[in-house]
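Close look at the chain arrangement
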Amino acid sequence: MTVMTSSVETGYFGAFGGRFVPEPLERPLEELASAFAEAVLDPDFEREYIRLMVEYVGRPSALTECLNLGRQLGGGRLFLKREDLNHTGAHKINNAIGQALLAKRMGKTRLIAETGAGMHGTASATVAALMGMECVVYMGAVDVERQAPNVSRMKLMGAKVVPVTQGQGVLKDAVNAALTAYVEDPETFYLLGSAVGPHPYPSMVRHFQRIIGREAREQIMAREGRLPDEIVACVGGGSNAIGLFSGFIDDQSVSITGVEPAGKGLETGEHAATLVAGAPGIIHGFKTYVLADDQGEPAPVYSISAGLDYPGVGPEHSHLKDSGRANYVAVTDKEALDAFHLLCRTEGIIPALESSHALAYALKRLPQMQKDQILLLNLSGRGDKDMDQIMALEA
Ligand SMILES: *Cc1c(COP(=O)(O)O)cnc(C)c1O
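Bear in mind that the values here come from a model prediction, so they are computed numbers and not experimental data.

Definitions and cut-offs
- Residues numbered from 1 in each chain as written.
- Predicted model: local features only at pLDDT ≥ 70, side-chain atom pairs only at ≥ 80, totals over all residues.
- Heavy atoms only, no water.
- Phe/Tyr/Trp six-rings, centres within 6.5 Å; stacked < 30°, edge-to-face > 60°.
- Lys NZ or Arg CZ within 6 Å of the ring centre and 35° of its normal.
- Near = heavy atom within 4 Å.
- Polar contact = N/O pair within 3.5 Å; in protein donor to acceptor, adjacent residues only side chain to side chain.
- Areas by Shrake-Rupley, 256 points an atom, 1.4 Å probe, with all protein chains shown as cover.
- Nonpolar A, V, L, I, M, F, W, Y, C, P; charged D, E, K, R; others polar.
- pLDDT = per-residue confidence, 0-100.
- Helix = DSSP H or I, 4+ residues; strand = E, 2+ residues; numbered from the N terminus.
- Contact = heavy atoms within 4.5 Å.
- Buried < 20%, exposed > 50% of the residue type's maximum accessible area, 1.4 Å probe, protein only.
- UniProt positions renumbered as here; feature names shortened; annotations may be inferred.
- Pairing = 2+ DSSP bridges.
- Axes fitted to C-alpha atoms, helices over the stretch in contact; angles between N-to-C directions.
- Core = buried A, V, L, I, M, F, W, Y, C linked by side-chain atoms within 4.5 Å.

Okay, the packing of aromatic side chains next. Both the distance between ring centres and the angle between the ring planes are used here to describe each pair of aromatic rings. Tallying each qualifying case throughout the model produces six aromatic pairs. Members of the aromatic cluster, each reached through a chain of ring pairs, are Phe 36, Phe 45, Tyr 49 and Phe 208. The ring of Tyr 302 carries Lys 264 above its face, with NZ or CZ at 4.8 Å from the centroid. A cation sits over an aromatic face here: Lys 287 above Phe 16, 5.9 Å from the ring centre.

Around the ligand there are 17 residues in total, and Lys 92, Ser 194, Gly 238, Ser 239 and Ser 380 lie nearest to it. Residue His 91 places a side-chain N or O atom 3.0 Å away from an oxygen atom belonging to the ligand. A distance of 2.7 Å is found between a nitrogen atom of the ligand and a side-chain nitrogen or oxygen belonging to Ser 380. Taking 380 Å² as the accessible area of the ligand by itself, protein coverage stands at 97%. The class makeup of the residues in the shell around the ligand is five nonpolar, 10 polar and two charged.

On average, residues of the chain score 95 in pLDDT, and 98% of them are at 70 or above. Ranking the elements of the chain by mean pLDDT puts helix H6 (residues 141-146) last with 89 and strand S9 (residues 230-234) first with 99. Here residues 1-5 scores under 50 on pLDDT; set against residues more than four positions off or in separate chains, the count is 16 contacts.

Turning our attention to the side chain of Asn 378. Looking at the secondary structure, you find Asn 378 in strand S14 (residues 374-379). Assessed through its relative accessible area of 0%, Asn 378 is described here as buried. At a separation of 3.0 Å, a polar atom in the side chain of Asn 378 contacts the side chain of Asn 240. If we ignore the near neighbours within four places in the chain, the residues touching Asn 378 are Lys 81, Glu 83, Ile 212, Val 232, Ala 233, Asn 240 and Leu 244.

With that settled, consider the UniProt feature "domain: Tryptophan synthase beta chain-like PALP" (unreviewed entry) in the chain. When the UniProt feature table is mapped to this numbering, "domain: Tryptophan synthase beta chain-like PALP" (unreviewed entry) covers residues 57-378. Taken as a whole, residues 57-378 contains 42% helix and 20% strand, while its terminal C-alpha atoms sit 17 Å from one another.

The next thing to look at is the sheet that holds strand S13 (residues 326-332). The strands making up a sheet associate through hydrogen bonds between their backbones, and the pairing can be parallel or antiparallel. In spatial order, the strands read S3-S4-S14-S9-S10-S13; together these six strands make up an open sheet with mixed pairing. Looking at the sheet topology across the chains shown, the edges are occupied by strand S3 (63-65) and S13. Neighbour-to-neighbour, the strand axes of the sheet open up by a mean angle of 25°, direction not taken into account. Contacts from helix H14 (residues 353-365) reach strand S4 (77-82), S9, strand S10 (255-263), S13 and S14, with the element oriented near 145° to S9.

A few words on the nonpolar core. By size, the foremost hydrophobic cluster in this structure holds 86 residues, and its most contacted members are Ile 97, Leu 102, Tyr 190, Leu 244, Phe 245 and Leu 376. Here the element with the most residues in this core is helix H9 (residues 201-224); it accounts for eight residues. Contact partners of Ile 97, with chain neighbours within four places excluded, come to Tyr 49, Leu 52, Met 53, Tyr 56, Val 57, Val 127 and Met 131. Formed by 25 residues, the second largest nonpolar core is a distinct cluster that contains Cys 66, Cys 234, Leu 308 and Val 331.

For the rest of this paragraph, the subject is the sheet that holds strand S6 (residues 134-140). Taken together, four strands build an open sheet; the order of strands is S7-S6-S5-S8 and the sheet is parallel. The outermost strands of the open sheet, each flanked by one partner alone, are strand S7 (160-164) and strand S8 (189-190). As judged from the two bridges shared by strand S5 (residues 110-115) and S8, these two strands associate in the parallel manner. Along S8, the bridge assignment pairs Ile 112 with Tyr 190.

What follows is the structure in structure tokens.
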């Protein structure tokens, strides 16, 4: 089975993706799509992106085998792709730099962005400072409270943070506010933080995150001389996951698992497990699996992890689910927290709560695997931003 999922021209991944936006956004998004299609063919553009990945982000990020955890759990071997070691502490910087380079190429001087956990806001503020651009970040008011250190970081780097009080004051509301701002001023560049949104964003974000999968594939081949048996990543909008998966999608021997947040338990309704519990629909300008309320509006969603509580998901993941190439599961807050603490204590690595969801699934899987089998997990970010939240839970 070959799953052809690239769609730079059409914006469709099987039945999912596309562009369903208000009329004033059609032209700017079409311009963006053309500029992107042109940029990826320009070797100078690629060279500058790679230069910044190496000299500014610190890539390639390490591949670490968790020997202590392996001994403790038995079963398969666990390797972490260390996106937590990137400048700004997560995978989001890969995409932010790519899009900012594109913005520059298009002659834009002002970036707008939405953010949940604040990691994309931080990445956007960072690239804006680096490239001398203005930056406005929309962030749910509740998230502003939950993620105070990232708000301070954004402000220090000169970005303006706009707290969004509409709706639940979380990521989906920040996306609405940022889309509205973009409609009002289409001359700005909307720097979108995940593999979601109307075409060309899902293809574009995938392109700039592909470096994760490309490196991971080279690193595991160099170290072990073979491919992993299973690869795993957490899925919010799905950008770190698609970055890793893209390196292995054509390798049928590699099984692929995306891990969503089951929050307080799927049965409670308080979760954000879009692919596991949702249905196809339209959200924020594209077709994908959605968690919707009775009116068909994006449902209120919940996760302990601000970066995962989005009621939609990247359209390519919807396609990978329906085609059967990838499998999607969900783990609870509690399971993610236990995994978080275990990694801290046994390996001396403090993971982001988002990444801890992937880890929680890996902890269940590893004992079921043979001792020579390999599970490769994308550690999408570090947990510094979650310290206050974790400490409050301990208290
Ligand atoms: C934002 C974020 C995520 C979720 O976003 P994806 O687009 O699904 O990758 C996961 N991990 C970390 C550390 C994040 O900051």
